[in-house]
Amino acid sequence: MTQHRGAADRAPLSRQRILRAAVALADGTGAEAFSMRRLAQELGVVPMALYKHVANKDELLDGMVDVVVGDIAPPVPGAPWKPAVRQQILAARQVLLRHRWAASVIESRPGPTPAVLAHLDSVIGTFRDGGLSADLTHHAMHALGTRLLGFSPELFATGGGAEDASGVPDEAAAQAAAAYPRVAEIAAAAAHDAGSTVGGGCDDQFEFAFALDLLLDGIERLHEQGWTSARQV
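Note that the structure is a prediction, hence the values are computed from the model and not measured.

Caption draft 1: The arrangement of the overall build of the protein chain in detail. Helix and strand counts for the protein chain come out as 12 helices and 0 strands. Secondary structure elements of the protein chain occur, N-terminal to C-terminal, as α-α-α-α-α-α-α-α-α-α-α-α. When burial is assessed residue by residue, the protein chain has 36% of its 233 residues classed as buried. In the protein chain, once contacts between residues fewer than 6 apart in sequence are set aside, the share between residues at least 24 apart is 68%.

The following block contains the structure:
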């Protein structure tokens, strides 16, 4: 085992080795604590050695996104479009759950990286091969938004500190419930699994799949109706 680790440590520095190490480091520290200097320490090199393979931190982050998104499983060949798209998106979510920092980094990039474009192209292909028009597919992609990549921004993120089941700090829960009874009623209506959150808020597995299925059902209905945006007022 020691010999194996030593061989890995002596492996030549490469772009792929740097990116994989960066993803592993971010998995452990989160995106906020991540730095080129810390990455160089993990790899046992001086920081300048990294710049022979990645021009700057932005290029490194783009590469990290591509490593993560590149791990999303492709759809099952020949499957009907609706279960195939659902499978693609839930597969993306499983990857994002393993790399919880990735959602915020993906949103921070100025444009889609090559792996993100390849994933989106694959989802578009699933829609189009299933018979959906380019028009409906265009609007479906907008409606699905970041769910296509396995995460969904929430209206509000939960606060820190001690909280009750609704995500409201204990010391403020009673006042909030009295002042906003309808909000309190809905917040307490279902349990939220904080351990499965991607990117903050109440984005747990049930809620993610619930919203995804509503969207796919609506897209399917429009497809069956022969919907086109040209007919909308």
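Caption draft 2: Structural view of the nonpolar core. Ranked by size, the top nonpolar core spans 34 residues in total, and within it Phe34, Leu39, Leu60, Met64, Val69 and Trp101 carry the most contacts. Breaking this core down by element, the ones donating at least two residues are α2 (15-29), α3 (36-43), α5 (57-69), α6 (81-98), α7 (102-108) and α8 (114-129). By size, the runner-up hydrophobic cluster in this structure holds 17 residues, among which are Trp81, Val85, Val123 and Phe127.

Caption draft 3: Region of the structure containing the packing of α6 against helix α12 (residues 205-224). Packing of α6 against α12 leaves a shortest axis separation of 11 Å and a crossing angle of 155 degrees. In this view, α6 runs roughly antiparallel relative to α12, as classed from their interaxial angle. Of the two elements, α6 crosses α12, and the hand of that crossing is right-handed. Packed against α6, whose contacting residues are Trp81, Lys82, Val85, Arg86, Ile89, Leu90, Arg93, Gln94 and Leu97, the element α12 presents Gln205, Phe208, Ala209, Leu212, Asp213, Leu216, Asp217, Ile219, Glu220 and His223 at the interface.

Caption draft 4: α2, seen in detail. Between the first and last C-alpha of α2 there are 21 Å, a value that for 15 residues agrees with the 21 Å anticipated at 1.5 Å per step. Among the residues of α2, Ile18, Leu19, Ala22, Val23, Leu25 and Ala26 are the ones counted as buried. For α2, the angular spread of buried residues about the axis comes to 165 degrees, placing them on one side. Gly30 sits one or two residues past α2 and shows a positive phi near 85 degrees.

Caption draft 5: Structural detail: the packing of α5 against α8. It is the contact of α5 with α8, at a shortest axis distance of 7 Å, that shows an interaxial angle of 35 degrees. Contact residues: Val65, Asp66 and Val69 in α5; Pro114, Ala115, Val116 and His119 in α8.

Caption draft 6: Seen up close, the side chain of His99. Along the polypeptide, His99 turns up in the loop between α6 and α7. The buried category is assigned to His99, whose relative accessible area is 10%. Those residues in contact with His99, other than ones at most four positions away along the chain, are Val23, Asp27 and Val68.

Caption draft 7: Just the pattern of salt bridges, in detail. Scanning all chains against the criterion turns up 9 salt bridges. Here Arg38 ties to Glu42 by a salt bridge, and the two come within 3.7 Å at their closest N and O atoms. Note that Arg38 and Glu42 are positioned in helix α3 at a spacing of 4 residues, about one turn of the helix. Residue classification places Arg38 among the partly exposed positions, given a relative accessible area of 32%. Residue Asp62 is joined to Arg109 by a salt bridge in which the shortest nitrogen-to-oxygen separation is 2.7 Å. Of the two residues, Asp62 sits in helix α5 while Arg109 sits in the loop between α7 and α8, which places them 47 residues apart along the sequence. Among the residues examined, Asp62 registers a relative accessible area of 26% and is labelled partly exposed. Residue class for Arg109 comes out buried when judged on its relative accessible area of 12%.

Caption draft 8: Representation of the environment of Arg86. Turning to its location among the elements, Arg86 is positioned in helix α6. Arg86 gets classed as partly exposed once you look at its relative accessible area, which sits at 30%. A C-alpha to C-alpha distance of 9.7 Å links Arg86 and Val123, two positions 37 residues apart in sequence. Not counting chain neighbours up to four residues away, the residues in contact with Arg86 comprise Ala209, Leu212, Asp213 and Leu216.

Definitions and cut-offs
Residues numbered from 1 in each chain as written. Predicted model: local features only at pLDDT ≥ 70, side-chain atom pairs only at ≥ 80, totals over all residues. Heavy atoms only, no water. Helix = DSSP H or I, 4+ residues; strand = E, 2+ residues; numbered from the N terminus. Buried < 20%, exposed > 50% of the residue type's maximum accessible area, 1.4 Å probe, protein only. Contact = heavy atoms within 4.5 Å. Core = buried A, V, L, I, M, F, W, Y, C linked by side-chain atoms within 4.5 Å. Axes fitted to C-alpha atoms, helices over the stretch in contact; angles between N-to-C directions. Parallel < 35°, antiparallel > 145°, perpendicular 65-115°, else oblique. Left-handed = near helix turned anticlockwise from the far one by under 90°. Expected span 1.5 Å × (residues − 1). Arc of directions from axis to C-beta. Salt bridge = Lys/Arg side-chain N within 4 Å of Asp/Glu carboxyl O.

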